[in-house]
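This is what each chain is made of:
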Amino acid sequence: MKGMLLAAGLGTRLKPFTDKHPKALAQVNGKTVLQKNIEYLAQYGITDIIVNVHHFADQIIQTVEANNGFGSNLIISDERNEVLETGGGIKKASWFFEKEKEPFVVMNVDILTDMHMDEMIKEHQEKKPLATLAVTQRKTSRYFLFDELDHLCGWKNILTGEQKITRPAEKLTEKAFSGIHILEPRIFSLMERKGKFSMVDAYLDFAKQHFINFFDHSDSKFIDVGKPENLLEAANLFP
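What counts, and where the lines are drawn
- Residues numbered from 1 in each chain as written.
- Predicted model: local features only at pLDDT ≥ 70, side-chain atom pairs only at ≥ 80, totals over all residues.
- Heavy atoms only, no water.
- Phe/Tyr/Trp six-rings, centres within 6.5 Å; stacked < 30°, edge-to-face > 60°.
- Buried < 20%, exposed > 50% of the residue type's maximum accessible area, 1.4 Å probe, protein only.
- Helix = DSSP H or I, 4+ residues; strand = E, 2+ residues; numbered from the N terminus.
- Lys NZ or Arg CZ within 6 Å of the ring centre and 35° of its normal.
- Pairing = 2+ DSSP bridges.
- Patch = residues over 30% accessible without salt bridge, like charges linked within 9 Å, V, L, I, M, F, W, Y side chains within 5 Å.
- Areas by Shrake-Rupley, 256 points an atom, 1.4 Å probe, with all protein chains shown as cover.
- Salt bridge = Lys/Arg side-chain N within 4 Å of Asp/Glu carboxyl O.
- Lys, Arg positive; Asp, Glu negative; His and termini not counted.
- Charge placed at Lys NZ, Arg CZ, Asp CG, Glu CD.
- Contact = heavy atoms within 4.5 Å.

### Remarks on the packing of aromatic side chains
All told, the structure shown has nine aromatic pairs when counted by the stated rule. Taken together, a centroid distance of 5.1 Å and an interplanar angle of 80 degrees make the contact between Phe96 and Phe97 edge-to-face. In this structure, Phe96 and Phe97 share a single accessibility class: buried. Each ring, one from Phe104 and one from Phe188, has its centre 5.7 Å from the other, and the planes form 5 degrees; the classification is stacked. One end of the pair, Phe104, is in strand S6 (residues 104–108); the other, Phe188, is in helix H6 (residues 187–190), with 84 residues separating them in the sequence. One aromatic cluster is present, built from ring pairs that chain together Trp95, Phe96, Phe97, Phe104 and Phe188. Across from the ring centre of Phe96, 4.3 Å away, lies the NZ or CZ of Lys2, which sits over that ring. Against the face of Phe238 rests Lys221, its NZ or CZ located 5.8 Å from the ring centre.

Printed below as a string of structure tokens:
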């Protein structure tokens, strides 16, 4: 199985560090979050990884080269000309996955977790949805909405009141997305959006006719290290 780390973002929440560095190189207990997530994926045999880069891209490339990919086979997807957001970034990397018949993993570089990835993969392979999204029951400002069969139906923003429903259902459950996906390679033939777009919008498009499921890992450690104060907390959670 192959993987992708989304590392192209500007990391504005992590200022002032990201005024001079990419968020992927923020450190937790002496290791960059890039290295920690490469090693996390390697635990589950995922060592062929593509990393998209934009903000201070050269620093990431130099770090990868200087450390021989931290033991994994790392490929760079260069977005220096224009950051493509999550959906556009994944689509640009489609060549890396399309020849494979097996699903692949995508995760945000600025999250840390000890979620049992093997369990998520097993559930995805058993249920065979177009994609499986890792979620928890934590409080956040934005939620994916799922029906009683665990299928994605919509999205809502608690702060603005904005809500998008593409698969109507009588009862909807809110789940907080963890930034980890397992996708089938056939997803690329269904992507009609081009250029710069969010994967959230793509999933809502797909949900009209395809099953997008969730994997709840609320019992595992998880933190978004995109804010300075969370880096300090992460040091305690992930020694």
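After that view of the structure, there is still more to cover.
### What about the pairing of strand S13 (residues 212–216)?
The element S13 is largely enclosed, with a buried count of four among its five residues. Inspection of the sheet shows strand S8 (residues 131–136) paired to S13 by five bridges, in the parallel sense. Looking at S13, one finds that Thr132 is bridged to Asn213.

### A word on a negative patch on the surface
Together, Asp114, Asp118, Glu119 and Asp219 line one region of the surface with negative charge. Secondary-structure assignment places Asp114 in the loop between strand S7 (111–113) and helix H5 (117–127). In this structure Asp114 comes out as partly exposed when scored by relative accessible area, which is 34%.

### As for unusual backbone geometry
That bond from Lys15 to Pro16 is cis: its omega, 10 degrees, falls within 30 degrees of zero. Mapped onto the fold, Pro16 is located in the loop between strand S1 (2–6) and strand S2 (27–28). Phi is positive for Asn29, close to 50 degrees, though the residue is something other than glycine. By the element assignment, Asn29 lies in the loop between S2 and strand S3 (31–32). You will see that Asn68, though not glycine, has its phi angle at about 50 degrees, which is positive. Within the secondary structure, Asn68 sits in the loop between helix H2 (57–66) and strand S5 (73–78). On the basis of relative accessibility, which here comes to 65%, the residue Asn68 falls in the exposed class.

### Things to note about the environment of Gln27
On the secondary structure map, Gln27 appears in strand S2. Spatially, the C-alpha atoms of Gln27 and Leu6 are 17 Å apart, while their sequence positions differ by 21 residues. Each residue touching Gln27, except ones within four places of it in the same chain, is listed here: Thr32 and Leu231.

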